[in-house]
Amino acid sequence: MNTVKVQYEKLHEKARIPTYGTEFSAGADLYACMDEPAVIMPGATGFIHTGIAMAIPAGLVGLIYARSGLACKKGLAPANKVGVIDSDYRGEIIVALHNHSSEEITVECGDRVAQMVIAPYIMAEYEETEDLDETGRGAGGFGSTGTK
């Protein structure tokens, strides 16, 4: 298993470092860190502080995903579906949680609110062309491959 050191800074005394639930978890849990509980109304988005900042190494990105239990049981999931923490960002990690349920939900300090996966990425160099190469699929999209 590959590991990489990611430096972090606690910005709040109650902040908790990300933790992995099991030996083979891909995502590390991120914890809420606020002085007061946050109430997220139905259909609204709340910005949940984690109290930590990180120095993600160059060539890697922190991808913020929903925690499956929180999303399926309570209806809370990242508003932007997948949050992106770039390697040059040094501010506090804040999770925008959207309440998809019909009830208000309270997030307490110490609650696990999302999970972060550290992953490599490839920087593309975009090149304009007059013609793209042909493929069997062509321009078909939005379900075009599932017609049988």
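Rules used in this analysis
Residues numbered from 1 in each chain as written. Predicted model: local features only at pLDDT ≥ 70, side-chain atom pairs only at ≥ 80, totals over all residues. Heavy atoms only, no water. Phe/Tyr/Trp six-rings, centres within 6.5 Å; stacked < 30°, edge-to-face > 60°. Lys NZ or Arg CZ within 6 Å of the ring centre and 35° of its normal. Core = buried A, V, L, I, M, F, W, Y, C linked by side-chain atoms within 4.5 Å. Buried < 20%, exposed > 50% of the residue type's maximum accessible area, 1.4 Å probe, protein only. Helix = DSSP H or I, 4+ residues; strand = E, 2+ residues; numbered from the N terminus. Contact = heavy atoms within 4.5 Å. 1 Å grid on protein atoms, 1.4 Å probe; cavity = no way out; pocket = protein on both sides within 12 Å on 5 of 7 lines; lining within 4 Å. Points joined across faces, edges and corners; volume = space filled by probe spheres on them. Salt bridge = Lys/Arg side-chain N within 4 Å of Asp/Glu carboxyl O.

Considerations on the packing of aromatic side chains
At step 1: One pass over the structure, following the stated rule, counts zero aromatic pairs.
At step 2: Here R16 stacks its cationic end above the ring of Y31, 4.0 Å away from the centre of that ring.

Looking at the nonpolar core
At step 1: One finds I48, L97 and V107 to be the most contacted residues of the largest nonpolar core, which totals 24 residues.
At step 2: Elements with a contribution of two residues or more to this core: β4 (38–40), β5 (45–55), β6 (60–65), β9 (92–99), β10 (105–107) and β11 (112–120).
At step 3: Not counting residues within four places of it along the chain, the set of residues in contact with I48 comprises A32, M34, A38, I40, I93, I94, V95, L97, V107 and V113.

A word on the layout of surface pockets
At step 1: Its boundaries defined by the atoms lining it, the largest pocket holds a volume of some 570 Å³.
At step 2: What lines the largest pocket is a set of 21 residues, among which V4, V6, Y20, A28 and I118 lie closest to the centre.
At step 3: Broken down by secondary-structure element, the contributors of at least two residues to the lining of the largest pocket are β1 (7–10), β2 (19–20) and β11.
At step 4: The biggest single contributor to the lining of the largest pocket is β11, with five residues.

Quick word on the pattern of salt bridges
At step 1: Inspection of the entire model under this criterion finds two salt bridges.
At step 2: Close ionic contact of D29 with R67 constitutes a salt bridge, the shortest N to O distance being 3.1 Å. You can see D29 sitting in strand β3 (residues 28–31) and its partner R67 sitting in the loop between β6 and α1 (68–74), a full 38 residues away along the chain. Across the pair, R67 and D29 agree in class, each one buried.
At step 3: We note a salt bridge from D29 to R112, for which the minimum N-O separation is 3.4 Å. Placement of the pair is D29 in strand β3 and R112 in strand β11, with a sequence separation of 83 residues.
At step 4: What makes D29 buried here is its relative accessible area of 7%.
At step 5: For R112, a relative accessible area of 39% gives the class partly exposed.

Without other data, these values stay purely geometric and don't point to any function.
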